[in-house]
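# Report on the structure
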Amino acid sequence: MSNTRRPKQRNRPAHLTVVPRDQAADVVELAEFRARLAAAGAPPAVLQVLDSASDMAEAMRCLTEAGLLPAQEESVAGLLEGWQPLLKPGCDALDAELCGTEFLGMIRGAAPADVGLPDLLTEMIGQVREYGGPEALAMLRVLAAVGPAEVRPAAGRAADALVAAGLTDRPWAQGLGAPRVGRCFGYADAFGAQESIAVTFTYGRKSHAVVVLIDHDLGGGIKDCFLSDRPDRIRAKYQQAARGFGLEFCDYQPAEAGEILTAALSMQPCPVEPDQIEDVRDHLDLLRSRVELLVADGAILSIRGGRPAARGRAGQRPARATSGGA
């Protein structure tokens, strides 16, 4: 289904200080930091500076003064370069979300194991707010929509502060992170080993699907996750695959789909192929934010007395039956 994937928005900052200077002393000891850089092949000049420093604060200061580490202002400027495409005409809410979720995947992969992502993002939010500019506002609005729950309020407050200081939100910022929930559907193989589910959403007249592969043989986590701007094609391919293998094609209520995906997200992701690893890295945060919408939509349906979900399918994998369906 590669022809139904939505093209990715690449976000690669030119300079990124993964360990903030004023937080590094709280994260790793100087000796451990030096050992990590040495193992990574750091230049001898960098190691010499670390050898002569008494603590992390002094090491970071000396590296910056020697031009071996970008100053904070330079680092933030480089970071914000990756958000410039969001300022171009024609950028929409989904483009902005994709830029943000790929950014989060990159940061998560680059951060040291002992640095929590929310702490790192909180540090970045403070620096970006202080630096200011349209790119900063774009970044903060996106993080407030698709960032980890712990940092969304801080990102939103920082964005509001920049608007209060005179900046203007881009048109896509209105309604960001809140598309309308659409159809949810999927099928599984006859042995219950793998399960495919697609959840669709709409911004105005533009629809998209988040397409997810769950592997129960590998622990029940997310094996692949990508976006498509042709939900109709995804649905047709799912129906064709279900008929071809004598499986049951299932339509889900949002609460059902949310339950299935919440369970999968609670497990360790299990991508295997290189493209799956890249897909999961770049889209997992967006999937999490979309699952929140599914769960919320199901709760609203229940409160309003709408059609209840078919509970028989939510608690078990849907394709144990052998009757084909469309």
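Right, let's walk through the structure included here. For clarity, every value in this text was computed on a predicted model and none was experimentally measured.

### What to know about the overall build of the chain
A count of helical and extended segments in the chain gives 12 helices and 5 strands. Taken across its 326 residues, the chain has 49% of its residues classed as buried. When contacts within the chain are restricted to residue pairs at least 6 apart in sequence, those whose partners lie at least 24 apart make up 70%. When the accessible surface of the chain is summed, it comes to about 15400 Å², and 52% of that surface belongs to carbon and sulfur atoms.

### A closer look at the packing of aromatic side chains
Taken as a whole and assessed by the stated rule, the structure comprises 4 aromatic pairs. Centre to centre, the rings of Phe-185 and Tyr-238 are 5.7 Å apart; their planes meet at 85°, and the pair counts as edge-to-face. Taken together, the residues span a long stretch of sequence, with Phe-185 in strand S1 (residues 180-188) and Tyr-238 in helix H9 (residues 231-244) at a distance of 53 residues. Pairwise contacts between aromatic rings join Phe-185, Tyr-187, Tyr-238 and Phe-249 into one cluster. For the cation-ring pair, Arg-235 lies above Phe-185, with the distance from its terminal atom to the ring centre recorded as 5.1 Å. Lying across the ring of Phe-201, Arg-290 places its NZ or CZ 5.3 Å from the centre.

### Let's talk about the nonpolar core
Formed by 65 residues in total, the largest nonpolar core has its most connected members in Phe-103, Trp-172, Ile-222 and Leu-287. For Trp-172, the contacting residues outside a window of four places in its chain are Leu-86, Cys-91, Asp-92, Ala-93, Ala-96, Ala-138, Arg-141 and Val-142. The next biggest cluster of nonpolar side chains, apart from the first, holds 12 residues, and it includes Phe-185, Tyr-187, Ala-198 and Phe-249.

### Concerning helix H6 (residues 117-131)
For H6, with 15 residues, the first-to-last C-alpha span of 21 Å sits near the 21 Å given by 1.5 Å per residue. Where H6 is concerned, the buried positions are Leu-117, Leu-120, Leu-121, Glu-123, Met-124, Ile-125, Gln-127 and Val-128. Gly-132, located one to two residues past H6, shows a positive phi value of around 75°.

### Points about the sheet that holds strand S2 (residues 194-203)
Backbone hydrogen bonds are what pair the strands of a sheet, in a parallel or an antiparallel way. In spatial order, the strands read S4-S3-S2-S1-S5; together these 5 strands make up an open sheet with antiparallel pairing. With one partner strand each, in any of the chains shown, strand S4 (221-228) and strand S5 (250-252) form the two edges of the open sheet. Each neighbouring strand pair of the sheet contributes to a mean axis angle of 20°, computed without reference to strand direction. As judged from the 10 bridges shared by S2 and strand S3 (residues 206-215), these two strands associate in the antiparallel manner. For Thr-202, the partnering residue across the bridge sits in S3 and is Ser-207. Of the strands in this sheet, S2, S3 and S4 are in contact with helix H5 (residues 93-110), which crosses S2 at around 130°. Each of S1, S2, S3, S4 and S5 is contacted by helix H10 (residues 254-265), which is oriented at about 125° to S2, the strand it contacts most.

### A look at the side chain of Asp-285
Counting through the fold element by element, Asp-285 comes out in helix H11 (residues 274-304). The exposure class assigned to Asp-285 is buried, which follows from its relative accessible area of 5%. What Asp-285 contacts, discounting residues up to four positions off in sequence, is Thr-101, Leu-104, Gly-105, Arg-108 and Val-146.

### As for the pairing of S1
Examined bridge by bridge, S1 and S2 share 7 bridges and lie antiparallel to one another. The residue bridging Tyr-187 from the neighbouring strand is Ser-196, located in S2. Count of turn residues in the S1/S2 antiparallel hairpin: 5 residues, of which Gly-192 carries a positive phi of about 70°. Sheet topology note: the S1/S5 ladder contains 3 bridges and is antiparallel. Paired with Phe-185 across the two strands is Asp-251, which belongs to S5.

### Notes on the environment of Phe-185
On the basis of relative accessible area, Phe-185 is assigned to the buried category, the value being 1%. Separated by 69 residues in sequence, Phe-185 and Pro-254 have C-alpha atoms that sit 9.5 Å apart. Those residues in contact with Phe-185, other than ones at most four positions away along the chain, are Ser-196, Ile-197, Ala-198, Thr-200, Pro-231, Ile-234, Arg-235, Tyr-238, Phe-249, Cys-250, Asp-251 and Tyr-252.

### What about the environment of Gly-156?
Along the chain, the position of Gly-156 falls in helix H8 (residues 152-164). With a relative accessible area of 14%, Gly-156 lands in the buried category. Distance from Gly-156 to Val-142, taken between C-alpha atoms, is 8.9 Å for residues 14 residues apart in sequence. When near neighbours in sequence (up to four residues on either side) are disregarded, Gly-156 contacts Arg-141 and Ala-144.

### Some details on H9
Along its 14 residues, H9 runs 20 Å from first to last C-alpha, staying within 8% of the 20 Å computed at 1.5 Å per residue. Those residues of H9 that are buried are in contact with S1, S2, S3, S4 and S5. Just downstream of H9, Gly-246 is the residue with a positive phi angle, here 70°.

Thresholds applied
Residues numbered from 1 in each chain as written. Predicted model: local features only at pLDDT ≥ 70, side-chain atom pairs only at ≥ 80, totals over all residues. Heavy atoms only, no water. Helix = DSSP H or I, 4+ residues; strand = E, 2+ residues; numbered from the N terminus. Buried < 20%, exposed > 50% of the residue type's maximum accessible area, 1.4 Å probe, protein only. Contact = heavy atoms within 4.5 Å. Areas by Shrake-Rupley, 256 points an atom, 1.4 Å probe, with all protein chains shown as cover. Phe/Tyr/Trp six-rings, centres within 6.5 Å; stacked < 30°, edge-to-face > 60°. Lys NZ or Arg CZ within 6 Å of the ring centre and 35° of its normal. Core = buried A, V, L, I, M, F, W, Y, C linked by side-chain atoms within 4.5 Å. Expected span 1.5 Å × (residues − 1). Pairing = 2+ DSSP bridges. Axes fitted to C-alpha atoms, helices over the stretch in contact; angles between N-to-C directions.

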